[in-house]
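Listed below, chain by chain, are the residues.
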Amino acid sequence: MPQLLCPKGHDSSEQDFCSVCGAKMVSPPAPAQNCPDCNAARESAEAAFCQDCGYNFTTGLHGEPKPAAQHWEATIAVDASLRTDESPAAPEAFQPIAIRLDRENNLIGRGSDKRAIFPEISLDFDDAVSHRHALIMRTENAGLVLRDLGSANGTKLNGSDAQPLADIPLKDGDRITLGHWTRITVRTVAG
Amino acid sequence: MTQFKAEVFQNAYIPQGADEVNAIMTVTVEGGLGLGSSGEKVIGIICDTSGSMEGGKIHAAKDAIVRLVWLLPADASFFIVAGGETGDLIFPIAKATPESKQRAIAAIKTIKAIGGTCISTWLAKALEQFAVAPNAIRQCILLTDGENEKQDEPLLGAMLNACEGQFQCECRGVGSDWKVEELRKISGRLLGSTDIITRPDLIEADFREILQRALNKEVSDVALRLWTPLGSRVRFCKQVSPDIVDLTGRARQPKPQIQDYPTGAWGKAESRDYHFCIEVKSGEVGDEMLAGRASLVVTTGGVENKVAEARILAVWTDDESKSTRIDRRVAHYTGQAELAQSIQEGLEARGRGDDDVATALLGKAVRLAHESRNEATTKLLRKVVEVENEEQGTVRLKRLVAKEDAMALETRSTKTSRIQRPDTAPGSNQE
């Protein structure tokens, strides 16, 4: 059996506790390996990258691994079927707009220079949308929640009324409807 | 292959500055035949044939030996020594065939009770016979009724040194004219027990039980090996179940830091408990060390086999809720040792007429036996004392006590109870 060195410097024939003094053995360092790419010596078994060429010992690539390649997107569309009798006619030929939800907080509303409101998801074309209507917020674990900010005409999530000032988790494909005939669809998108 | 299982029970947490680690190890035999056993069994019978045996005792003993011989299985070997001033090998070692049984019985018939008691010469004869089969399970039965001659004492000591590890010996004292201490010295060294046979007609049943146990043995010469770290000391190593045997002074030291304690032969499904108390170098809070590595070593034809291992740990902590807990098994066997000591010292005080001390100690024994549910010991105590309150240990010494009852209590004081499982002992305060 190969001799192991205990924390107090004894040669131990046992791997769990020193066979001389009984001290708990710390796991022996794994034998140093060379970088498979440039053959430079690896600093220690814990070193994640090659100090010379940046080879990643875990992934076998160079440099930092890319973060999980996925983000959220909101698509704004007009759905004439949402119209009620009091609503004006839905605009025709409205081209859906896709907005990438990069920020922590994404305001849904109608912009107002006077009141300095600049929504990320701007729905100026629908005057039944409140200036500050709702928020879509990113959560710690990369999810999304919807919060209706006490809007005048309310918000629906997948056809049901969203409770004002409550955070409701969103999932891929959820439909948020508000105003006269506006529909926002949230999706996760690769890349 | 015989499988041994070793488990350690302890509270590994000790406070800063403390240097004592206590642990109970339970060793159990699991599984079947094989390792370390040649399958051979040798039963040696030594019967006291001194003058004092004259009359009922020698007749009962002879009858019991004849019956025992009949019970021997054909594949076992046996021999018989008649003990007087010298050991007389009346039947040398032979396989227990019907033919040799006949010869043995004829030899037993010739036994006459005459002469003195020189146990060393008896053991010398047995030692010679057992030497023929060094790999067999070697079990001896020694029956006597009196004290060893004074001049034999030094010889007996030397003979025990020679016999140690060569065979195991169960000692039985018949009647009440023998000395518990003397027989215990022999059975202790030769890994057997000492017990009293109060009436000659009970000899046979007792022999039968010893034989049954011996035939059940599968592995002989098992050592309990204890490794301890540098700078530590074994305060004691005791077998604590089924009875208390202090092994501390019995260790061989094959290498520094290693002690080998003899445990003798083991049978099917046998289970024993050992208590280790190890003094280690005191550590700092957060330190964790191995205070002992206990294993069982079976030696077959000079080759050592390690068959089970368990670890005794020490972890220093400043958390008192951890370090003040005492393991229930450690507590139980510490109590059983105290019980045995109270009985022995109590009987000693009673013997020299110190009634106050005797009452106090035997009262304490009654309480301890009650608490640990050691019913066998409680029963024996009740023959010596009048119990007023078991829980508090209030007792009165009985005025008239049969000598046999006091001796039975003394010989069996080392029998321990096993710890009760918590679900079968709702009143247990060991938890």
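Quick caveat: nothing in here was measured; it's all calculated off a predicted structure.

Novice: A description of the overall build of chain B should follow, citing residues and the corresponding values.
Specialist: Tallying secondary structure elements over chain B gives eleven helices and 19 strands in all. Against the 2.2 N^0.38 benchmark of 22 Å for 431 residues, chain B shows a C-alpha radius of gyration of 23 Å, consistent with a compact globule. Along the first, second and third principal axes, the C-alpha atoms of chain B reach 70 × 55 × 40 Å. Buried positions account for 45% of the 431 residues belonging to chain B. In chain B, once contacts between residues fewer than 6 apart in sequence are set aside, the share between residues at least 24 apart is 74%.

Novice: Run through the overall build of chain A, naming residues and quoting values.
Specialist: Scanning chain A from terminus to terminus reveals zero helices and 13 strands. Ordered by position in the sequence, the α and β elements of chain A form the string β-β-β-β-β-β-β-β-β-β-β-β-β. Against the globule reference of 16 Å for 191 residues, chain A gives a C-alpha radius of gyration of 29 Å, more extended than a compact globule. The principal-axis extents of the C-alpha atoms in chain A amount to approximately 90 × 40 × 35 Å. A separation of at least 24 residues holds for 32% of the contacts in chain A among residues at least 6 apart in sequence.

Novice: Quick one: what's the story with the packing of helix α8 (residues 328-351) of chain B against helix α11 (residues 403-412) of chain B, residue by residue and with numbers?
Specialist: Residue and element names in this part refer to chain B. At their nearest, the axes of α8 and α11 sit 9 Å apart, and the two run at 145 degrees to each other. In the packing of α8 onto α11, the handedness of the crossing is left-handed. On α11, the residues that touch I343, Q344 and L347 of α8 are A406, L409 and E410. Looking at the contact of α8 with α11 residue by residue, the class counts come to four nonpolar, one polar and one charged.

Novice: So what's going on with the sheet that holds strand β12 (residues 175-178) of chain A? Which residues, and what values?
Specialist: Residues and elements named next belong to chain A. Pairing is antiparallel in the open sheet, where six strands are placed in the order β4-β3-β13-β12-β9-β10. Bordering the open sheet on either side are β4 (97-100) and β10 (160-161), each of which pairs with just one other strand. In this sheet, strand β13 (residues 182-190) lies alongside strand β3 (residues 70-78) in antiparallel orientation, the contact comprising nine bridges. What sits directly across from V78, in β13, is T182.

Novice: I'd like to hear about the environment of A:S112, residue by residue, with values.
Specialist: All names here are of chain A. Within the element layout of this structure, S112 appears in the loop between β5 (105-109) and β6 (121-122). Taking the C-alpha atoms as reference, S112 lies 9.1 Å from D124; in sequence the two are twelve residues apart. Other than its neighbours up to four places away in sequence, S112 contacts I117 and H131.

Novice: Could you give an account of the interface of chain A and chain B, with specific residues and numbers?
Specialist: Each partner contributes residues to the interface: chain A has six residues there, and chain B has six residues. Looking at the side of chain A that touches chain B residue by residue, the class counts come to four nonpolar, one polar and one charged.

Novice: Talk me through the pairing of strand β8 (residues 144-148) of chain A; I want residue IDs and the actual numbers.
Specialist: Remark: a regular strand shows side chains that alternate across the two faces of the sheet. Residue and element names in this part refer to chain A. Where burial is concerned, the two faces of β8 differ: the one with L144, L146 and D148 is buried and the one with V145 and R147 is not. Bridge count for strand β7 (residues 134-138) against β8 is five bridges, and the pairing is antiparallel. Its bridge partner lying in β8, L135 is registered against R147. Counting the residues between successive antiparallel strands, the hairpin from β7 to β8 contains five residues, one of them, A142, with a positive phi of roughly 65 degrees. With four bridges joining them, β8 and strand β11 (residues 167-170) adopt antiparallel strand pairing. The residue of β11 that forms the bridge with R147 is D167.

Novice: Pulling in residues and values, what's your account of the pairing of strand β19 (residues 394-397) of chain B?
Specialist: Residues and elements named next belong to chain B. The pairing of strand β18 (residues 385-389) with β19 spans four bridges and is antiparallel. Counted as the bridge partner of E386 is R396 from β19. The antiparallel hairpin formed by β18 and β19 contains four residues in its connecting segment, where G393 sits at a positive phi of about 75 degrees.

Novice: Outline the packing of helix α1 (residues 56-71) of chain B against helix α2 (residues 98-109) of chain B, supporting the account with residue identities and numerical values.
Specialist: Residue and element names in this part refer to chain B. Between α1 and α2, the least distance of the axes is 10 Å, while the angle of their chain directions is 175 degrees. On the basis of their axis angle, the class for α1 and α2 is roughly antiparallel. Taking contact as the criterion, the partners of K62, I65, V66, V69 and W70 in α1 are, on α2, K101, A104, I105 and I108. For the contact of α1 with α2, the class distribution of residues is seven nonpolar, no polar and two charged.

Novice: How would you summarise the sheet that holds strand β2 (residues 13-15) of chain B if you had to cite specific residues and measurements?
Specialist: Either a parallel or an antiparallel arrangement is found when strands of a sheet pair, and the pairing is made through backbone hydrogen bonds. All names here are of chain B. The mixed open sheet is built from six strands, whose spatial order is β2-β17-β16-β10-β14-β13. Edge positions in the sheet fall to β2 and β13 (252-255), since each has one partner strand and no second. Each strand axis lies, on average, 35 degrees off the axis of its neighbour in the sheet, ignoring direction.

Novice: I'd like a rundown of α8(B), residues and numbers included.
Specialist: All names here are of chain B. For α8, built from 24 residues, the straight-helix expectation of 34 Å at 1.5 Å per residue is met to within 8% by its first-to-last C-alpha distance of 34 Å. What α8 keeps buried is the set R329, V330, H332, Y333, Q336, L339, A340, S342, I343, G346, L347 and R350. Once α8 ends, the next one or two residues include G353, with phi positive near 85 degrees.

Novice: Describe the confidence of the model for chain B, naming the residues involved and giving the relevant values.
Specialist: When pLDDT is averaged along chain B, the result is 90; 95% of the residues meet or exceed 70. Within chain B, the lowest mean pLDDT, 89, falls on helix α7 (residues 320-323) of chain B, and the highest, 96, falls on helix α3 (residues 119-130) of chain B.

Novice: Mind laying out the domain arrangement of chain B, listing which residues take part and the relevant values?
Specialist: Residue and element names in this part refer to chain B. On domain assignment, one finds that chain B holds domain 1 (3-32 + 228-323), domain 2 (41-217) and domain 3 (328-412). Inter-centroid distance (C-alpha atoms) of domain 1 to domain 2 is 34 Å. On the domain 2 side, the residues contacting the nine residues of domain 1 number ten residues. Per-element tally for the side of domain 1 that touches domain 2: the top contributor is strand β14 (residues 258-267), with five residues. Its residues assigned to classes, the side of domain 1 that touches domain 2 comprises four nonpolar, three polar and two charged.

Novice: If you had to explain unusual backbone geometry to someone new, which residues and values would you point to?
Specialist: The amide bond that connects B:S241 to the next residue, B:P242, takes the cis arrangement and shows omega of 10 degrees. If you trace the backbone, B:P242 turns up in the loop between β11 (233-241) and β12 (245-246). Not every positive phi belongs to a glycine, and A:L165 is a case in point at roughly 60 degrees. The residue A:L165 is located in the loop between β10 and β11 in this model. Of the residues examined, A:L165 has 9 C-beta atoms within 10 Å and is grouped as exposed.

Novice: I'd like a description of α1(B), backed by residues and values.
Specialist: Residue and element names in this part refer to chain B. Under the 1.5 Å per step criterion, the end-to-end length of α1 is 23 Å for 16 residues, consistent within 8% with the ideal 22 Å. Residues K57, I58, A60, A61, K62, A64, I65, L68 and V69 constitute the buried set of α1. Lining the buried residues of α1 we find β4 (41-48), β5 (77-83), α2, β7 (137-144), β8 (168-174) and α6 (203-216).

Rules used throughout
- Residues numbered from 1 in each chain as written.
- Chains lettered and ligands numbered in written order.
- Predicted model: local features only at pLDDT ≥ 70, side-chain atom pairs only at ≥ 80, totals over all residues.
- Helix = DSSP H or I, 4+ residues; strand = E, 2+ residues; numbered from the N terminus.
- Rg over C-alpha atoms; globule rule 2.2 N^0.38 Å.
- Buried ≥ 20, exposed ≤ 12 C-beta atoms within 10 Å, placed from the backbone.
- Contact = placed C-beta atoms within 7 Å.
- Axes fitted to C-alpha atoms, helices over the stretch in contact; angles between N-to-C directions.
- Left-handed = near helix turned anticlockwise from the far one by under 90°.
- Nonpolar A, V, L, I, M, F, W, Y, C, P; charged D, E, K, R; others polar.
- Pairing = 2+ DSSP bridges.
- Parallel < 35°, antiparallel > 145°, perpendicular 65-115°, else oblique.
- Expected span 1.5 Å × (residues − 1).
- pLDDT = per-residue confidence, 0-100.
- Domains from an automatic or database assignment.

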